[in-house]
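Residue-level listing of the chains:
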Amino acid sequence: DVQKVLREDLDISEISYKTWLSSLVVADILEDTIVLETDDEISKGYIERKYSKPIQIALKEVTGKLFNLKFILPNEKLPSDGTSNANHNKKNDTNDRNSILNNLNSRYTFNTFVVGNNNKLAHAAALAVAESPAEAYNPLFIYGGVGLGKTHLMHSIAHFILEENNISKVLYVSSEKFTNELINSIRDDKNEEFRRKYRSIDVLLVDDIQFIAGKERTQEEFFHTFNTLYEAKKQIIISSDRPPKDIETLEERLRSRFEWGLTADIQAPDYETRMAILTKKAEIENLNIPNDVVQYVASNIKSNIRELEGAMNKILAFSTLVHREITKELAEDALKDLITPNETKEITIDFITEVVAQHYGLNADDILSKKRTREIAYPRQIVMYLSRKLTDISLQNIGKTLGNRDHTTIMHGSDKISSELKEDAGLKNSIEILTKKITGK
Ligand code: ADP
Ligand code: MG
């Protein structure tokens with residue numbers, strides 16, 4: 001993952017990467033220093049001068065921690081405890097080492113996870129599994145939309161088990177990584193090795209499993225991995241952006257296995273939880289942020305927690321950049337691209353009706369009328385669907401505004417679109433376009 005950040009986020013060209021960075025070997029991980037072994041004297045000097053910063057940034061991105069770097073030659077001795085850190089702490093070392101070996105972000109722990117109504121069940125299930133691997137729920141399947149904390153929870157489980165249990169074979173992978181490793185193992189004729197690796201661990205966490213849908217060979221391999229681990233009473237934890245039943249082109253035998261244990265969902269956070277998350281973040285990072293700024297962010301950024309944090313970071317960066325104190329005015333300035341007037345403006349049923357009618361070449365009056373031809377009834381149902389999805393307005397009131405219809409009619413119309421969406425890519429596309437037009441995002 002560090003390599004990925006270096007290449008993709010920091011934009012280091014492939015040739016530079018190949019020449020200088022790909023052969024670096026992590027020789028040791030100390031509490032706050034990472035020792036990297038280089039090929040020879042020349043590259044050592046050059047890499048140290050030119051690439052120390054990018055490597056540090058990439059490491060920080062992945063582990064959440066700022067490490068010092070030490071470059072050594074293949075035959076050089078590792079620095080002794082004394083030189084690296086006077087208060088050298090053995091246990092921390094082991095944890096850091098484990099975290100990096102296991103692809104874990106050290107910021108993602110139960111301690112930093114805020115529990116709210118939206119994630120209570122998933123959090124409780126995760127903690128139970130962490131405390132009693134393979135005994136509480138197996139597999140544990142966590143699902144929810146982007147940026148709602150699935151990865152954070154999975155890392156929390158892994159950290160907890162690594163720290164509290166004597167189980168060291170904890171492996172966290174994204175399903176993409178699983179797939180890539182499988183492909184490489186097939187290419188390099190190392191399938192046995194791949195199998196040994198995945199079938200000999202105590203706790204396997206696979207993130208974003210939806211990506212293996214449709215990939216037959218990967219599903220096949222994962223199926224066998226799953227069975228082997230499950231039969232050996234090893235814990236399996238899976239995440240996805242949707243429940244097993246909604247992952248199209250997922251093999252039935254996998255789907256049913258995913259439902260063997262416990263399925264827990266994470267919903268979008270409510271206002272109180274958003275406030276709590278921002279407050280916690282400020283506390284962890286030792287920031288002093290006025291309450292009205294926290295409120296402003298929490299009431300305007302609703303869709304996901306990654307964006308919520310991003311907004312806060314933007315305010316911080318902006319404040320540093322222009323040397324201004326953090327106030328609500330500064331926050332408004334910093335976030336003016338993120339919080340569009342459209343978003344702060346309330347979305348009304350009339351507005352949705354207007355946008356949908358225009359999209360289908362109709363008048364708003366047609367939508368409100370009693371006409372039942374498909375050309376009108378269908379857009380009308382889309383209005384019902386979008387009104388439910390994009391506003392908090394009750395079914396009764398949506399019905400009233402939409403030509404005095406009964407709330408059951410609204411529910412029926414909206415559900416119909418919901419279910420058609422699953423099969424109809426064209427409809428899905430239209431809904432996306434309409435949503436953008438309505439929300440301005
Ligand atoms: P997902 O994997 O569901 O897309 P992540 O786990 O990557 O989401 O979460 C996105 C960001 O939001 C991360 O920085 C994470 O730490 C933070 N986050 C999510 N849920 C919570 C929570 N309940 N408490 C604190 N931070 C959270
Ligand atoms: Mg994730």
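Up top is the structure these notes are about.
The following refers to the structure shown. (Residues numbered from 1 in each chain as written. Chains lettered and ligands numbered in written order. Predicted model: local features only at pLDDT ≥ 70, side-chain atom pairs only at ≥ 80, totals over all residues. Heavy atoms only, no water.)

This part takes up the overall build of the protein chain. Secondary structure assignment for the protein chain yields 22 helices and eight strands. Burial analysis of the protein chain (441 residues in total) assigns 45% to the buried set. Taking the contacts inside the protein chain whose residues are at least 6 apart along the sequence as the reference set, 72% of them involve residues at least 24 apart. Here the protein chain displays about 23100 Å² of accessible surface, and carbon together with sulfur accounts for 49% of that area. (Helix = DSSP H or I, 4+ residues; strand = E, 2+ residues; numbered from the N terminus. Buried < 20%, exposed > 50% of the residue type's maximum accessible area, 1.4 Å probe, protein only. Contact = heavy atoms within 4.5 Å. Areas by Shrake-Rupley, 256 points an atom, 1.4 Å probe, with all protein chains shown as cover.)

For Lys-150, the position within the fold is in helix α7 (residues 150–164). At a separation of 2.8 Å, a polar atom in the side chain of Lys-150 contacts the main-chain carbonyl oxygen of Gly-145. Excluding anything up to four places from it in sequence, Lys-150 contacts Ile-142, Tyr-143, Gly-144, Gly-145, Asp-208, Ser-239, Ser-240 and Ile-266. (Polar contact = N/O pair within 3.5 Å; in protein donor to acceptor, adjacent residues only side chain to side chain.)

A separate point is the sheet that holds strand β3 (residues 68–72). Either a parallel or an antiparallel arrangement is found when strands of a sheet pair, and the pairing is made through backbone hydrogen bonds. The sheet built from three strands is open, its strands ordered β1-β2-β3 with mixed pairing. Each end of this open sheet is capped by a strand with a single partner; those strands are β1 (25–29) and β3. Sheet twist, expressed as the average angle between the axes of neighbouring strands with direction ignored, equals 30 degrees. Taken together, the five bridges between strand β2 (residues 33–37) and β3 define a ladder with parallel strand orientation. Within β3, the position partnered with Leu-36 by the bridge is Phe-71. (Pairing = 2+ DSSP bridges. Axes fitted to C-alpha atoms, helices over the stretch in contact; angles between N-to-C directions.)

Should their charged atoms come close, side chains of opposite charge can pair. Counted under the stated rule, the structure contains 17 salt bridges. Its salt-bridge partner being Asp-246, residue Lys-245 comes within 3.7 Å of it at the nearest N-O pair. Its salt-bridge partner being Glu-251, residue Arg-253 comes within 2.6 Å of it at the nearest N-O pair. Taking the relative accessible area as the measure of exposure, Glu-251 reaches 23% and is therefore partly exposed. (Salt bridge = Lys/Arg side-chain N within 4 Å of Asp/Glu carboxyl O.)

Ordered by their spatial adjacency, five strands build an open sheet running β5-β6-β7-β4-β8, and the pairing between neighbours is parallel. The two strands at the open ends of the sheet, each matched to only one other strand, are β5 (170–174) and β8 (262–266). In this sheet, adjacent strand axes meet at a mean angle of 15 degrees when their direction is disregarded. Across four bridges, the pairing between strand β4 (residues 140–144) and strand β7 (residues 235–240) is parallel. When the bridges of β7 are listed, Ile-142 appears paired with Ser-239.

On to the pairing of β7. Summarising burial for β7: six of the six residues are buried, a large majority. Following the chain from strand β6 (residues 203–207) across helix α10 (residues 216–231) to the adjacent parallel β7, one finds a crossover that is right-handed. (Right-handed = clockwise from strand over helix to strand, strands pointing away.)

Here we come to the site of ligand 1. Residues in contact with ligand 1 amount to 17 residues; listed here are only the nearest, Gly-147, Thr-151, His-152, Arg-306 and Glu-309. Contact distances for ligand 1 include 3.5 Å between an oxygen atom and a side-chain N or O atom of Tyr-108. With respect to ligand 1, the side chain of Glu-309 contributes an N or O atom lying 2.6 Å from an oxygen atom. Here ligand 1 has 560 Å² of accessible area as a free molecule, and 94% of this is covered by the chains. Where the shell around ligand 1 is concerned, the elements lending two or more residues are α7 and α14 (305–322). The residue makeup of the shell around ligand 1, split by class, is seven nonpolar, seven polar and three charged. (Near = heavy atom within 4 Å. Nonpolar A, V, L, I, M, F, W, Y, C, P; charged D, E, K, R; others polar.)

Bringing the packing of helix α12 (residues 271–284) against helix α13 (residues 291–300) into the picture now. Viewed as axis vectors pointing N to C, α12 and α13 meet at an angle of 130 degrees, and their least axial separation amounts to 9 Å. With respect to each other, α12 and α13 are oriented oblique. In the crossing of α12 with α13, the sense of the turn from one axis to the other is right-handed. Contacts between α12 and α13 involve Tyr-271, Arg-274, Met-275, Leu-278 and Thr-279 from the first element and Asn-291, Val-294, Gln-295, Val-297, Ala-298 and Ser-299 from the second. Taken together, the residues that form the contact of α12 with α13 break down as six nonpolar, four polar and one charged. (Parallel < 35°, antiparallel > 145°, perpendicular 65-115°, else oblique. Left-handed = near helix turned anticlockwise from the far one by under 90°.)

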